[in-house]
Amino acid sequence: MRELWIENVRVVAEAGLMEGGAVRVAGGRIAAVATGPAPREDASPVLDGGGGLLIPGLIDVHIHGASGHDMMDGRRASIEGVSRACAATGCTSFLVTSVSSTLEALLRLVDRVREVIGQEPGAAIAGIHAEGPYLNVKRKGMQNEAFLRHPSLPEMRQVLDHAGPLLRMVTLAPELPGGLELTTFLRERGVIVAVAHSDATYDEALAAFRHGASHVTHCFNGMRPIHHRDPGLIVAAFEAPHVSVQAIVDHVHLHPATVRLMHRLKGPGGMVLITDALQAMGLGDGEYSFGGHAVTVRDGVARLADGTLASSTVTMNGALRNTVGIGIPLVDAVTMAATTPADLLGLPHKGRIAVGADADLALLDEDYRVCWTMIGGRMVFQAGGEVADRPPPPSA
Ligand SMILES: [Zn+2]
């Protein structure tokens, strides 16, 4: 279907929520956004949205795995599996996210991404987010201490030589020796510098923002907490207008009141919803491995043996549902899950329903379940049609 109308939908358009709207798709782009049904004089096929919610495709800048696939395992099939699983959650673009590892494992991930990019079976790869390895052991969370090290310009030069523009984001702890130099180095090469797994004080965080850091990974988690006499990285980020923050809205990593506070302080243009998902996303409770650790998922919560939270199992459509469920307006929640991450990644033609934008769309039912997902006007997931793939049972 090169041209079609999608009608009978509640459209979360860039201009606001439109009840009973219609969207025309042509040449992979959004050609019209209208109120009322599709015009009958137009001969294009019409897709009835059944009164569902039509949203821009969601964009996840922080995901490690899904549906039994760990993207650090060196297998091309794992990245393809996550691409498929993302599409089933209404997500149309994602950053393949690493965990702290050896240089060899990171370069291998780059090679696998290069093989898959352009031929993704589901959501499109928007690049790579290297979470680590230059993180502070004091705030390591689930990052494997064996792989944490101080910032190294020669090593990062090697990664950039290998990855080129595929490397879109690096999460680091700027207070480590060499952290500010590395921040400047990455920023000058167009890489987004995000801060987390960091013990940065308020002043150290301000220095990082002055050197070009512009984002905070899973804000509040894996960093020095707020104290009224020691406000730290978090308050520095809230005060800096050019710094955006990630939120894991699974009601485990952040109390709902904290999510509302972040929304109030940063606004929808300064906050992005992420999954930070591990391979258990879409599979449920059980035993998994992640970043060289054994991880147990119980009641949907992933933890190491010592109780440390280890990534999440929330999906992007689930994060959207949770965010609206705690009183944040729908349009703001969609902005935080699609538009703001698109702008962060420098993709102004994505993450919005507006004339000229890419036809990356998802249709949700009244419970935020995904009915279908489309990328560039092409269906990549339909509920009941394609089932998220699962790995064979261990005994097979
Ligand atoms: Zn992560």
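Just so you know, these numbers come straight off a predicted model, no measurement behind them. Residue positions within a chain follow its written sequence, with the count starting from 1. Only residues with pLDDT of at least 70 are given local features in this predicted model, and only at 80 or more are side-chain atom pairs given and counted; all residues enter the totals for whole chains, interfaces and linings. Working from all heavy atoms in the structure, the side-chain values ignore hydrogens and water.

## Brief notes about the overall build of the protein chain
Convention followed: Strands here are runs of E lasting at least two residues and helices are runs of H or I lasting at least four, both read from the DSSP assignment and numbered beginning at the N terminus. Between the two quantities, the radius of gyration covers C-alpha atoms and the globule rule is 2.2 Å times the number of residues to the power 0.38. Three exposure classes are used, based on accessible area relative to the maximum for each residue type with a 1.4 Å probe and protein chains only: buried under 20%, partly exposed in between, and exposed over 50%. Contacts were defined at the residue level, with two residues in contact if any of their heavy atoms lie within 4.5 Å. Residue-level accessible areas treat just the shown protein chains as cover; the underlying method is Shrake-Rupley with a 1.4 Å probe.
When you go through the protein chain residue by residue, the secondary structure sums to 9 helices and 21 strands. At 20 Å, the protein chain has a C-alpha radius of gyration in line with the 21 Å of a compact globule built from 396 residues. With the C-alpha coordinates of the protein chain rotated into their principal frame, the extents come out at 65 × 50 × 40 Å. For the protein chain, the proportion of its 396 residues judged to be buried stands at 59%. Long-range contacts, defined here as pairs at least 24 residues apart, represent 68% of the contacts in the protein chain between residues at least 6 apart. Just so you have it, the protein chain exposes about 15,100 Å², and 52% of that area is on carbon and sulfur atoms.

## Here's the deal with helix 9 (residues 330-344)
Helical periodicity: at 3.6 residues per turn, an α-helix aligns residues three or four positions apart in one direction. So the rule is basically this: The span one expects for a helix is its residue count, reduced by one, times 1.5 Å. Each residue is assigned a bend, namely the angle between axes fitted to the seven residues that terminate at it and the seven residues that start at it.
Along its 15 residues, helix 9 runs 20 Å from first to last C-alpha, staying within 8% of the 21 Å computed at 1.5 Å per residue. Of all bends in helix 9, the biggest is about 45°, found at Met 336. For helix 9, the buried fraction is high: 12 of the 15 residues fall into the buried class. Within helix 9, the full set of buried residues consists of Leu 330, Asp 332, Ala 333, Val 334, Met 336, Ala 337, Ala 338, Thr 339, Thr 340, Pro 341, Ala 342 and Leu 344.

## Observations regarding the pairing of strand 21 (residues 378-382)
In plain terms, the rule: Here the rule is simple: two strands pair whenever DSSP picks up at least two bridges between them.
Two strands pair when backbone bridges link them, and strand 20 (residues 370-375) and strand 21 are joined in this way by 4 bridges, in the antiparallel orientation. Bridging across to strand 21, Trp 372 finds its partner in Gln 382. The hairpin turn running from strand 20 into strand 21, its antiparallel successor, is 2 residues long, and Gly 376 in that turn takes a positive phi close to 55°.

## Examining the state of the cysteines
Rule in force here: Throughout, a disulfide means two cysteine sulfur atoms within 2.5 Å of one another.
For the coordinates displayed, the defined rule picks out 0 disulfides. The cysteine Cys 91 is free of any disulfide, with Cys 86 supplying the nearest cysteine sulfur at 4.2 Å. The class for Cys 91 is buried, based on a relative accessible area of 1%. Between Cys 371, a cysteine without a disulfide, and Cys 91, which holds the nearest cysteine sulfur, the sulfur-to-sulfur distance is 17 Å. Cys 371 gets classed as partly exposed once you look at its relative accessible area, which sits at 27%.

## Side note on the sheet that holds strand 11 (residues 167-172)
The cut-off we apply is this: Lines fitted to C-alpha atoms define the axes, with helix axes restricted to the stretch in contact, and inter-axis angles between N-to-C directions lie between 0 and 180 degrees.
The strand order across the open sheet built from 8 strands is 6-9-10-11-12-13-14-15, with neighbouring strands paired in parallel fashion. Since the sheet does not close on itself, it has two edges, and those belong to strand 6 (58-63) and strand 15 (271-274), each with one partner. Averaged over all neighbouring strand pairs, the angle between strand axes comes to 25°, with direction disregarded. With 2 bridges joining them, strand 13 (residues 213-216) and strand 14 (residues 244-248) adopt parallel strand pairing. Looking at the pairing, Val 216 lines up with Val 245 of strand 14. Across the sheet, helix 1 (residues 76-87) is in contact with strand 6, strand 9 (91-98) and strand 10 (124-131); its angle to strand 9 comes to roughly 140°.

## Description of the nonpolar core
The following threshold applies: Side-chain atoms within 4.5 Å are what join buried Ala, Val, Leu, Ile, Met, Phe, Trp, Tyr and Cys residues into a set we call a nonpolar core.
Membership of the largest hydrophobic core comes to 112 residues, with the highest contact counts inside it found for Phe 94, Leu 167, Leu 186 and Phe 209. Aside from chain neighbours lying at most four places away, what touches Phe 94 is Asp 60, Ile 63, Met 71, Ile 79, Val 82, Ser 83, Cys 86, Ala 123, Ala 124, Ile 125, Ala 126 and Gly 127. Formed by 17 residues, the second largest nonpolar core is a distinct cluster that contains Val 9, Leu 361, Leu 363 and Met 374.

## Points about the domain arrangement of the protein chain
Note the cut-off: As used throughout, domain bounds are those supplied by an automatic or database domain assignment. Here the buried area means the combined drop in accessible surface, using a 1.4 Å probe, for two parts upon being joined, counting both sides.
Split into domains, the protein chain comes out as domain 1 (3-55 + 351-382) and domain 2 (57-344). Computed from C-alpha atoms alone, the centre-to-centre distance between domain 1 and domain 2 is 29 Å. Each side of the interface is counted separately: domain 1 has 19 residues, and domain 2 has 25 residues. Carbon and sulfur atoms supply 65% of the area that domain 1 and domain 2 bury against each other, a total of about 1,700 Å² over both sides. Summed over the three residues of domain 1 that lose the most area to domain 2, namely Ile 55, Gly 351 and Tyr 368, the buried surface amounts to 34% of that side.

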